[in-house]
Amino acid sequence: MIELEGVPELIDPVMVAAFEGWNDAGDAASTAVAHLEREWKGEVFAALDAEDYYDFQVNRPTVWMDAGVRKITWPTTRLSVVRVGGEKPRDLVLVRGIEPSMRWRSFCNELLGFAHELGVELVVVLGALLGDTPHTRPVPVSGVTSDPDLAQRMDLEETKYEGPTGIVGVLQEACTHAGVPAVSLWAAVPHYVSQPPNPKATLALLNRLEDLLDLRIPLGELPEDARAWQVGVDQLAAEDSEVAEYVQTLEEARDTAELPEASGEAIAREFERYLRRRDVSPPGGHATADGSDSASYLRDNPGGRTRPPRPPKPDTPGTTENSGETGDSGDPGPDGEDTSED
């Protein structure tokens, strides 16, 4: 039974969801929704029953003290509502939780029940996966949908992915079957720095969400955190010639793939997008680009640092040149799989 008596009538509501776990490399997606909740002071109005969907030996509850009284917080998925002001105010229904351990279809049906009761017009699910992308370049964010009309209208890729998926892919398909427009935004996190947090990937997801929903998101200290993160990774890479060489290999591959896009028209489009966004007149294991389930690609070395695997040679069997949704750049497709044939 869904009780929403405490929720006011919403204006053009959009549901934005993210889940910790396999779909959330570097915690980039869940941190993005947490940022929205914090900046717009969202208040939780509903939570799914943890007993129905979580294995507590996998996601354990936590005990904490409140004025001398011991309390338990159970791992679950919670919903909150925030209102985005401006000339055209609208509401966001924020869904943040952990990928469920079981009963995924019931989990998605319950979320869709909330969406129906609240009059949600669009569902946007955020995800992040590990990929062969250098930390020195802009974070690739792919937008995909199963709806061909929505893909054309919102300039998205129509996914034809086949293979293992996570709760992000399952929820998107559940939305499609229920007749609810749904989009997934995926950020690619460098596999050689997969540890959370990754503020640069979080920032990239929020920027893409701004473009998709045509709204402005207060970014707070996130841009500065992203710059500091990159400087820190630069310093670590500089200490190890093997890492530096590997990063350079990724940079060259990325730059070569993107060279045809570096036209005056493309640069002008990106600059216009930046101006719209900033309003300058007055900011566990994870899905990977090859579909595997990996807690980390890093390995320890005697010096205590971590380093990536050596890049494969061009003739090495198993090398995937077209491993990304958008072509030869190595950028990932949805659900962490090769979708270059799309």
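Note that the coordinates shown come from a computational prediction; the quantities given were computed from them, not determined experimentally.

Topic: the overall build of the protein
Moving on, step 1. Within the protein, the secondary structure is distributed over nine helices and 14 strands.
Moving on, step 2. A buried classification covers 48% of the 342 residues belonging to the protein.

Some remarks on empty space enclosed by the protein
Moving on, step 1. Size it by volume and the largest cavity reaches roughly 50 Å³.
Moving on, step 2. Among the secondary structure elements, those contributing two or more residues to the lining of the largest cavity are strand E10 (182-190) and helix H6 (199-213).

Considerations on unusual backbone geometry
Moving on, step 1. For the bond from Pro196 to Pro197, the omega torsion is 0 degrees, close enough to zero to count as cis.
Moving on, step 2. Of note, Asp27 is a non-glycine position whose phi angle comes to about 55 degrees, a positive value.
Moving on, step 3. In this structure, Asp27 sits in the loop between strand E1 (14-20) and helix H1 (28-39).
Moving on, step 4. Located in the positive-phi region is Lys41, a residue other than glycine, with phi close to 55 degrees.
Moving on, step 5. Looking at the secondary structure, you find Lys41 in the loop between H1 and strand E2 (43-47).
Moving on, step 6. A relative accessible area of 67% means that Lys41 is categorised as exposed.

As for the pattern of salt bridges
Moving on, step 1. Taken as a whole, this structure holds five salt bridges when the rule is applied.
Moving on, step 2. For Asp66, the salt bridge is made with Lys71, and the minimal N-O distance between the two is 2.8 Å.
Moving on, step 3. Note on Lys71: relative accessible area 36%, which makes it partly exposed.
Moving on, step 4. For the salt bridge of Asp91 with Arg83, the shortest nitrogen-to-oxygen distance reads 2.7 Å.
Moving on, step 5. Taking relative accessible area as the criterion, Asp91 reaches 2% and is therefore assigned buried.
Moving on, step 6. The exposure class of Arg83 is partly exposed, given its relative accessible area of 44%.

A look at the side chain of Glu210
Moving on, step 1. Mapped onto the secondary structure, Glu210 falls in helix H6.
Moving on, step 2. Overall, Glu210 belongs to the buried group, its relative accessible area being 2%.
Moving on, step 3. A polar atom in the side chain of Glu210 sits 2.7 Å from the backbone nitrogen of Ile217.

Here's the deal with H1
Moving on, step 1. Relative to the 16 Å expected for 12 residues at 1.5 Å per residue, H1 spans 16 Å between its end C-alpha atoms, a close match to the ideal helical length.
Moving on, step 2. Of all the 12 residues making up H1, nine are buried; the element is thus mostly covered by neighbouring parts of the structure.
Moving on, step 3. Turning to H1, its buried residues are Ala28, Ala29, Ser30, Ala32, Val33, Ala34, His35, Leu36 and Glu37.
Moving on, step 4. Lys41 lies just past H1 and shows a positive phi near 55 degrees.

So, the packing of aromatic side chains
In this description, a pair of aromatic rings is defined by centroid distance and the angle of the planes.
Moving on, step 1. Considering all chains together, one arrives at five aromatic pairs under this definition.
Moving on, step 2. Between Phe45 and Phe114, the ring centres sit 6.4 Å apart and the planes meet at 75 degrees, which makes this aromatic pair edge-to-face. Linking Phe45 in strand E2 with Phe114 in helix H3 (residues 104-118), this pair joins segments that are 69 residues apart in sequence.
Moving on, step 3. By relative accessible area, which is 22% here, Phe45 ends up partly exposed.
Moving on, step 4. On the basis of relative accessible area, Phe114 is assigned to the buried category, the value being 5%.
Moving on, step 5. For the ring pair Tyr53 and Phe107, a centre distance of 5.3 Å and an interplane angle of 85 degrees mean the geometry is edge-to-face.

Thresholds applied
Residues numbered from 1 in each chain as written. Predicted model: local features only at pLDDT ≥ 70, side-chain atom pairs only at ≥ 80, totals over all residues. Heavy atoms only, no water. Helix = DSSP H or I, 4+ residues; strand = E, 2+ residues; numbered from the N terminus. Buried < 20%, exposed > 50% of the residue type's maximum accessible area, 1.4 Å probe, protein only. 1 Å grid on protein atoms, 1.4 Å probe; cavity = no way out; pocket = protein on both sides within 12 Å on 5 of 7 lines; lining within 4 Å. Points joined across faces, edges and corners; volume = space filled by probe spheres on them. Salt bridge = Lys/Arg side-chain N within 4 Å of Asp/Glu carboxyl O. Polar contact = N/O pair within 3.5 Å; in protein donor to acceptor, adjacent residues only side chain to side chain. Expected span 1.5 Å × (residues − 1). Phe/Tyr/Trp six-rings, centres within 6.5 Å; stacked < 30°, edge-to-face > 60°.

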